[in-house]
Each structure stands twice: as structure tokens, then as C-alpha cells.
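Here is what each chain is made of, one letter per residue.
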Amino acid sequence: MENASVKRPTIHDVAAAAGVSRGTVSRVLNGDRYVSTAARLATERAIAETGYVVNRNARSLVTQRSGSVVMVLSEPHETIFEDPNDSTAIRTAIRRLAERDLSLVMMIAGDAGDRERVLRYVKGGHADGVLLLSTHAGDPLVDALDGLRIPAVSCGAVIGRENVIPFAACDERGGARQMTRYLVEQGRKKIAMITGPMDTPGGIQRLEGFTDVLGRKASKKLIEHGDWTRGSGESAMARLLERSPDLDAVFAASDVMASGALSTLRAAGRRVPEDVALGGFDDSAVAMSTHPALTTIRQPLAEIAEETVRILLDLIDGAEHVPSVTVPTQLIVRDSA
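Being a predicted model, the structure only gives us computed values, none of them experimental.

Enquirer: Explain the domain arrangement of the protein to me, please; I cannot follow it from the model alone.
Expert: It is common to report an interface's size as the accessible area lost on association of the parts. Each assigned domain of the protein is listed with its residue range as follows: domain 1 (11–54), domain 2 (68–170 + 302–327) and domain 3 (172–298). Computed from C-alpha atoms alone, the centre-to-centre distance between domain 1 and domain 2 is 33 Å.

Below is the structure:
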């Protein structure tokens, strides 16, 4: 009962302890550059000594900001977090936003009901910006967010909306070219591919890179589609072997799908890489956990996540236009090819 009666320190207490005005304390809390070094240091020391904590509700009334960013994962509930790329994006966003005293709120938008909940949350003024993850072409949430005029950015381009939603991504097509050329240079004659979903940039552009190199040799018979999951890699590999049992190389558009393909190849008695060379994409933790370890394309996931958050913060700070960013990929040769 005694603790319940203790008052929380206020901005007036901080000002008195620092020997500055309440306005100076307010400017320090809001990141105003026009505060002397001495006043800033005295205020920061007083905040630490008094144990003052910003009242977010009160600050929101003044700044018209919520102090949070919502990350929207547009995937079915059952596949959330199967893609290791998502965890990198989430960790990076949490760290970078914390540097600005912003909180990250995660929401799932796997179906119409989920999307409606996201829109209600954003319309309610609970987020200063939106970070889109795994967004598919034609997602109605994108148009709805554009209509709300809230700062939004995508980790990876949104197909058809590249000029509306800025993004950070790797060179998807160039990376696929790197892998396909490498397989050709290894003397492989019949190269198949397991693509990602064809309503995502990774699905479309990695297939384009594959066909750029192989041309007419990239026949429909040697192409199967997956959905980034291990199970889809397993089933796609089984269909490829049924149609083209003499294939001698496979490029899977993600490490996770490549791990599934490896399981199917092993079950079919095919040795990797002796009988079938196998390449992946991402250079995620999965690439080092398979046996043999995956030859893959490294996309700098942490750098992409950093750039995505930087773009969003610039938009939140009032920038009218922030250009999208595309970063290069790198071929990583291991034991599978």
C-alpha cells in the first residue's frame, strides 16, 4: 500500500533536478537539436536520477504519433516463421526501431479477416508506419494502406506497386543468373528449377534469371512451382523426377525448398552432387544445416532489413520521396554443387 501512494516523477521534477526549464526538458525528450550540450547532459542525468519515464499517451496527444510501427506478415498462419528470412527482418526491425524509442507490433494478414483487423488498427491511429513482409501481388491491403496515406515500406518489392510502395530487396534476377551459370559451368546438361510463388518478386524474377541463362533449354517440363516451404520443395522435386528422371541439376529458389528437394532426391537414391547437383537461394541458416551443405546465393538479409527500416523512418520523419534500394547477391559454393 505504501508503494501504491508513491508518485511517479514528472517532467517538472526532471526540470527541477536538472536546473533547466520544463520547455528544455520537453525539447530534449523530443530530440530537438537546438538544445545546448550542457542542458542536454543535465537533463539526461536528471532523467536517470529521478527515474522519469515518458508518458506515451500524453506525448501522443502533443506529437500526434503513436510511438509504434506495425509489421504485417502476409502469410497463412500455419507457415509463419518457416522462412528464416522473416526472423532476420524481425530482429533487425526491433533493434533499429528501439534506437528511436519506437515499438514494433506484429500482425498477420493471411486472409480477409486478418487484413480487416490490420486496417482497423492502422485507421485507429495506433501506428506511425507500416512495414510489409512477404506481400503478394494483388494484395488488397496494399491499396487500402495507400488510401490511408500512412508511411509504408516493403521488405522486397510488391509486384505491380513498385512505384507506390518503396522497398529494399536483393537483385533477385541477377542472383538466379549467377546460380544457373554456375551449374552450366559445372558441366550439367539438364537443369531443372523449383520456383517460388509466382505472385512474389522472388518467384517471378528468380525464374527470369534462370531462363535468361538457359533460354530454350528452360522447358516447362523442367520447371515446378513451390511456395517457399520445405514440403513444397519435396513434392516439386518428386514431380520433376517423375517427368525427367535423367535431370542432373536442380536450382531451388530458396534454401528451405532446396532442403526439401534434397530429402526427395535422397529417398529416390540420387546422390548429391554426384548424380544431381543442387543449388539454393538465400544463404540462410538452412544452407549450412543440410548434408551436404548447400551451394547457394547469398542475399544480405540483415542489410536489406536495415535499409527497409531506414526508408520507413525517413518517411515517418516527413520525407516525401525515398528511393527504393536493390543490393547485389553473391554465389556461395559448398558441397551440394
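Once you've had a look at it, read on.
Enquirer: What is the right way to read helix 3 (residues 37–50) from this model?
Expert: Because an α-helix completes one turn every 3.6 residues, residues spaced three or four positions apart along the sequence face the same direction. Taking 1.5 Å of rise per residue, 14 residues should cover 20 Å, and helix 3 covers 20 Å from first to last C-alpha, within 8% of that figure. Among all positions in helix 3, only Ala39, Ala42, Thr43 and Ala46 are buried. Summarising the axial view, the buried residues of helix 3 lie within an arc of 100°, below the 170-degree limit, and thus occupy one face. In helix 3, those exposed residues whose orientation departs by more than 90 degrees from the buried face are Thr37 and Ala48.

Enquirer: Explain the sheet that holds strand 5 (residues 167–170) here, please?
Expert: The pairing of strands in a sheet happens through backbone hydrogen bonds and is either parallel or antiparallel. If you trace the six strands from one edge of the open sheet to the other, you get 2-1-3-4-5-11, paired in parallel fashion. In this open sheet, the two edge strands, each paired with only one partner strand, are strand 2 (103–108) and strand 11 (325–327). Strand-to-strand twist across the sheet, computed as the mean angle between neighbouring axes with direction ignored, equals 20°. Pairing geometry for strand 5 and strand 11, over three bridges, is parallel. Each residue of the ladder has a partner; that of Ala169, found in strand 11, is Thr326. Contacts from helix 5 (residues 84–98) reach strand 1 (68–73), strand 2 and strand 3 (129–133) within the one sheet, and its direction differs from that of strand 2 by about 150°.

Enquirer: I would appreciate a short explanation of empty space enclosed by the protein in the present structure.
Expert: To locate leftover empty space, one rolls a probe as large as a water molecule over the atoms. Tallied over the entire structure, the rule returns one cavity of 30 Å³ or more. Its volume calculated, the largest cavity comes out at about 30 Å³. If you list the elements that add at least two residues to the lining of the largest cavity, you get helix 5 and helix 13 (301–316). Among the elements that line the lining of the largest cavity, the one with the most residues is helix 13, at three residues. Residues belonging to the lining of the largest cavity are distributed by class as follows: seven nonpolar, one polar and no charged.

Enquirer: What am I meant to see in the environment of Asp314 here?
Expert: Position of Asp314 among the secondary structure elements: in helix 13. Along the sequence, Asp314 and Val69 sit 245 residues apart, while their C-alpha atoms lie 13 Å from each other. Other than its neighbours up to four places away in sequence, Asp314 contacts Ala319 and Val322.

Enquirer: Hey, could you run me through unusual backbone geometry in this one?
Expert: Backbone phi values are negative for most residues with the exception of glycine, while trans is the configuration of most peptide bonds. Residue Pro273 follows Val272 across a cis peptide bond; omega there is 10°. Take Pro273: it is sitting in the loop between helix 11 (255–267) and strand 9 (277–279). Here the amide bond leading from His291 into Pro292 is cis, since omega sits at 5°, within 30 degrees of zero. At Asp282, a residue that is not glycine, the phi angle is positive and equals roughly 130°. Relative to the helices and strands, Asp282 resides in the loop between strand 9 and helix 12 (285–289). Positive phi is not limited to glycine here, since Asp283 has a value of about 55°. Within the secondary structure, Asp283 sits in the loop between strand 9 and helix 12. Since its relative accessible area comes to 16%, Asp283 is described here as buried.

Conventions adopted
- Residues numbered from 1 in each chain as written.
- Predicted model: local features only at pLDDT ≥ 70, side-chain atom pairs only at ≥ 80, totals over all residues.
- Heavy atoms only, no water.
- Domains from an automatic or database assignment.
- Helix = DSSP H or I, 4+ residues; strand = E, 2+ residues; numbered from the N terminus.
- Expected span 1.5 Å × (residues − 1).
- Buried < 20%, exposed > 50% of the residue type's maximum accessible area, 1.4 Å probe, protein only.
- Arc of directions from axis to C-beta.
- Pairing = 2+ DSSP bridges.
- Axes fitted to C-alpha atoms, helices over the stretch in contact; angles between N-to-C directions.
- Contact = heavy atoms within 4.5 Å.
- 1 Å grid on protein atoms, 1.4 Å probe; cavity = no way out; pocket = protein on both sides within 12 Å on 5 of 7 lines; lining within 4 Å.
- Points joined across faces, edges and corners; volume = space filled by probe spheres on them.
- Nonpolar A, V, L, I, M, F, W, Y, C, P; charged D, E, K, R; others polar.

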